[in-house]
Amino acid sequence: MNRNKRARILVAEDNEDNRRLLSIYLSREGYEVIEACDGTEAMEKALAETPDLVLSDVQMPGLDGYSLCHQLKQNPETERIPVILITAVHTSLEDTLHGLRLGANDFISRPFRQSELLARVQTQLRIKELQDRLVQAERVSTVARMAVTLAHEISNPLSGILGYAEVLLRELEQDALTSERLRTSLERIREAATQIRSVLEQLRNLPQPEVYEYAPGLEGISLEET
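Cut-off values and rules
- Residues numbered from 1 in each chain as written.
- Predicted model: local features only at pLDDT ≥ 70, side-chain atom pairs only at ≥ 80, totals over all residues.
- Heavy atoms only, no water.
- Axes fitted to C-alpha atoms, helices over the stretch in contact; angles between N-to-C directions.
- Helix = DSSP H or I, 4+ residues; strand = E, 2+ residues; numbered from the N terminus.
- Parallel < 35°, antiparallel > 145°, perpendicular 65-115°, else oblique.
- Left-handed = near helix turned anticlockwise from the far one by under 90°.
- Contact = heavy atoms within 4.5 Å.
- Nonpolar A, V, L, I, M, F, W, Y, C, P; charged D, E, K, R; others polar.
- Pairing = 2+ DSSP bridges.
- pLDDT = per-residue confidence, 0-100.
- Buried < 20%, exposed > 50% of the residue type's maximum accessible area, 1.4 Å probe, protein only.

Moving on to the packing of helix α2 (residues 39-49) against helix α3 (residues 65-74). The contact between α2 and α3 brings their axes to 9 Å, and the two run at 20 degrees. Taken as axis vectors, α2 and α3 run roughly parallel relative to one another. The interaxial crossing formed by α2 with α3 has right-handed handedness. In this structure, α2 contributes G39, A42, M43 and A46 to the contact, and α3 contributes L68, Q71 and L72. A per-class count over the contact of α2 with α3 returns five nonpolar, two polar and no charged.

Encoded structure:
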């Protein structure tokens, strides 16, 4: 997650008072809050608005928190979004293990302190940020390997163009250039130039890198989704 961007947190809670309280806690910390009154609405908003974290009550009518977590983790578009489940005070170990098996990243039990909630949210956002950077680094590595391959593909036809041009110049200086020789060499040059243009088109279609800052004076590269 880019540090210059406000983190977006999706709050799924059927109790209006609880939902509003969670929104106040998070908004005061500078987070952008997206509210959903049940699991179904939460899933729809997660797909539409791509939050950085989902904070969900477990006990909701219809699609409960466990089912919401399962759907989020099963969908490629939302599987990397961390999910914190809010559980009842007497949640059993079996229920906790069930949530972990479904992909929940953390739990917080009612009643909880505001400071505890914010600390858990901050921790999960930081973990997601680091995971996103690892994914971005892998993309950069992939692009770098592709660039090396494409550079090699450019090198061969470029050498051909230079070679044919050198031969034509030498034969022209020696007054030994025939129209047939000129035609053949120009065809070879055109063929090699076409190969280079094809490679450049591939390079043009690569994702554009975005420079971001790890820390003051230390930069890295990320890639936007295409």
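Here we come to the sheet that holds strand β5 (residues 106-109). Strand pairs in the sheet, formed through backbone hydrogen bonds, run parallel or antiparallel to each other. Read across the sheet, five strands follow the order β2-β1-β3-β4-β5 without closing on themselves; strand pairing throughout is parallel. On the outer flanks of this sheet lie β2 (32-36) and β5, each paired with one strand and no other. Along the sheet, successive strands turn relative to each other by an average axial angle of 20 degrees, direction set aside. Summarising the sheet, strand β1 (residues 8-12) and β2 pair through five bridges and their orientation is parallel. Pairing of I9 across the sheet is with V33, part of β2. Along the sheet face, helix α1 (residues 16-28) touches β1, β2, β3 (53-57) and β4 (83-87) and points at about 170 degrees away from the line of β2.

Take the confidence of the model for the chain next. Detail in the predicted coordinates should be disregarded across regions flagged by low pLDDT. Summing up the model confidence of the chain, the mean pLDDT is 81 and the portion of residues at 70 or higher is 81%. Below a pLDDT of 50 lies the segment residues 211-226, which in the model reaches 37 contacts outside its immediate sequence neighbourhood of four places, other chains included.

Before going further, it helps to examine the side chain of N75. Along the chain, N75 falls in the loop between α3 and β4. Residue class for N75 comes out buried when judged on its relative accessible area of 19%.

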